[in-house]
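As a plain string of letters, each chain reads:
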Amino acid sequence: MWFGDSEVALGGVVNLHVVVGLGATGISCMRHLKAAGKEVIAMDSAKAPTGVQVLQQEFPDVKCVVSELDPAILGEAEEIIVSPGVPVAQQAFAGAKAKGIPIIGDIELFVREAKAPIYAVTGSNGKTTVTTLLGLMAEKAGRRMAVAGNIGKPVLELLQEDYEGYILELSSFQLETTDSLAAKAAVVLNVTPDHMDRYTDFEAYRAAKHKIYHHCDNAIVNLDSPDIWQPLDKNSEMISFSLLSQQADYYLQDNKLMQRGKVLVEVKQLALQGQHHYQNALASLAMGEVMGLPVESMLSVLAHFTGLSHRCQLVKTIRGVSWYNDSKATNVGATETAIKSIGELTEGRLLLLAGGQSKGADFSALRSCVASYVSDVILFGEDKEQLARVLNESARLHHVDSLQQAVRLAAELSQSGDQVLLSPACASFDMFANFADRGDQFIKAVEAL
Ligand code: UMA
Ligand code: ADP
């Protein structure tokens, strides 16, 4: 379907740019390309994409194809700009690919224009936390740095203003379609399986994350997982962090965060306790070194940062039972981390609420940590049977139809001294608008107990 003048034919259109996906990213790409005077067509597989009204208001002359992607138009483009949520493996792009038409994303458009240094963060878990920490650390040091990317704000929105640096959270989807990034510093925090419905295998997912290191000046690497950063470009300086090895530049030793033999801080002085929080702190300190941030301002942020909503946050303690919201745990690695960190804190039982959309995940990695720490798993959502098949010998399983039922059942099953953890290991889109909506509904249900 066409919006706009259906008489318009493609013949004669030169330098055509096709923007695929009309969410937040697509709209930012439209604004950027139109401001640069480009000829643009917008396209979206949805019937009524969220950005279509903005598009019609701001660019009434722009043609927009909805309901499906049109391979013929894609095949006429000089460049195709896809949103992160658009898989480029789909058939509609085959012809364009065969013709060698570049398929890029908003990050590629951004890095071609950006003048200030880029500090780039990726990983399967901890991206938003580390990106936020770096933003707070820069602010504390009085530096004018922007924060954007997968965290929510499309990067192209930053080009309007002057900044002395850009702190970007980048997803594997965004990195897939970016070739010109040459970050001042880049970090892959960790890589555990996620988005397996989008990648052919784990290696393809890992390779997408690894692109963040291409042409970077300083590669910040996790010494505990060499497979996620090797090999590095020969011109990149390496700064390492580790939870296990004192050979790293930043590491954990005797409950202290260390920098090359020097004690930075005892972990008990940090607002957040637990191995993954220390990993995020060490990675942030290493990135901050390249950003030129004073250690004191970084440590001050770490001392006060109590974490982001929906990431393993204590909601409330009711009649001796502590209720934790970890709705942002949308993959197995995040849930494993939450179970271990809460499980190790508690003498009582741990009850887990999990389920949703699996995204092609293999849940078997959860088996042993559930067996070690969890007494009961309350399962909900589209792929709960998949979880049940894997966990049936690890804990008592209960099946429910809604998150509210899960909360009520957990209240019946738990007693003083126990912990209840919502950490779904799944995406939320089967039953909720997004992970934040799932977390908010959980909090509401807990508060109603
Ligand atoms: N669409 C198509 N064809 C398709 C698939 C999607 O036309 O085959 C259309 C949809 O109909 C929709 C549009 O694409 O109209 C949506 O694009 P999008 O999913 O890329 O969403 P945006 O609103 O542009 O948000 C994106 C990121 N979304 C995804 O990666 C799925 C946001 O990350 C990011 O904050 C934002 O750009 C700004 O950079 C969200 C996310 O879930 C938070 N990220 C994943 C994660 O963190 O696990 C990677
Ligand atoms: P991302 O942006 O990569 O999704 P977040 O900071 O939003 O990361 O955290 C997502 C989930 O991962 C939360 O459940 C959080 O508790 C968990 N998490 C945060 N940091 C780490 C880490 N370093 N390793 C493993 N899990 C983590």
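Residues numbered from 1 in each chain as written. Chains lettered and ligands numbered in written order. Predicted model: local features only at pLDDT ≥ 70, side-chain atom pairs only at ≥ 80, totals over all residues. Heavy atoms only, no water.

**Section: the pairing of strand 20 (residues 396-399)**
Piece 1. Where strand 19 (residues 374-379) and strand 20 come together, four bridges link them in parallel fashion. Residue pairing across strands places V377 opposite L397, the latter belonging to strand 20.
Piece 2. Taken together, strand 19, helix 13 (residues 384-391) and strand 20 constitute a β-α-β crossover, and its handedness is right-handed. (Pairing = 2+ DSSP bridges. Helix = DSSP H or I, 4+ residues; strand = E, 2+ residues; numbered from the N terminus. Right-handed = clockwise from strand over helix to strand, strands pointing away.)

**With respect to the sheet that holds strand 19**
Piece 1. Ordered by their spatial adjacency, six strands build an open sheet running 16-17-21-18-19-20, and the pairing between neighbours is mixed. Bordering the open sheet on either side are strand 16 (313-318) and strand 20, each of which pairs with just one other strand. In this sheet, neighbouring strand axes are inclined to one another by 20° on average, regardless of whether the strands run parallel or antiparallel.
Piece 2. Strand direction decides the pairing type here: strand 18 (residues 350-354) and strand 21 (residues 419-422), joined by four bridges, are parallel. Following the sheet pairing, L351 is matched in strand 21 by V420.
Piece 3. In the packing of helix 12 (residues 366-373) onto the sheet, contacts are made with strand 18 and strand 19, and the angle to strand 19 comes to roughly 120°.
Piece 4. Lying over the sheet, helix 14 (residues 403-413) contacts strand 17 (321-325), strand 18, strand 19, strand 20 and strand 21, oriented at roughly 170° with respect to strand 18. (Axes fitted to C-alpha atoms, helices over the stretch in contact; angles between N-to-C directions. Contact = heavy atoms within 4.5 Å.)

**A word on helix 5 (residues 106-113)**
Piece 1. Of all eight residues in helix 5, six are buried, a share of seventy percent or more.
Piece 2. For helix 5, the set of buried residues is D106, I107, E108, L109, F110 and V111.
Piece 3. On the buried face of helix 5, the contacting elements are helix 1 (24-35), strand 5 (79-82), strand 6 (103-104), strand 7 (118-122), strand 9 (165-169) and helix 7 (172-176). (Buried < 20%, exposed > 50% of the residue type's maximum accessible area, 1.4 Å probe, protein only.)

**Observations concerning the domain arrangement of the protein**
Piece 1. According to the domain assignment, the protein consists of domain 1 (2-104), domain 2 (108-304) and domain 3 (313-447).
Piece 2. Relative placement of domain 1 and domain 2: their C-alpha centres are 32 Å apart.
Piece 3. Taken residue by residue, the interface counts 16 residues in domain 1 and 13 residues in domain 2.
Piece 4. Both faces combined, the contact of domain 1 with domain 2 buries some 1100 Å², and carbon together with sulfur accounts for 68% of it.
Piece 5. Counting the surface domain 1 buries against domain 2, the share from its top three residues, H32, P84 and I104, is 48%.
Piece 6. For the pair domain 1 and domain 2, the interface holds one salt bridge.
Piece 7. R112 is the partner of E79 in a salt bridge, and the nearest nitrogen-oxygen pair spans 2.9 Å.
Piece 8. Of all the secondary structure elements, the ones that give two or more residues to the side of domain 1 that touches domain 2 are helix 1, strand 5 and strand 6.
Piece 9. Ranked by residues supplied to the side of domain 1 that touches domain 2, first place goes to helix 1 with six residues. (Domains from an automatic or database assignment. Buried area = accessible area lost by both parts, 1.4 Å probe. Salt bridge = Lys/Arg side-chain N within 4 Å of Asp/Glu carboxyl O.)

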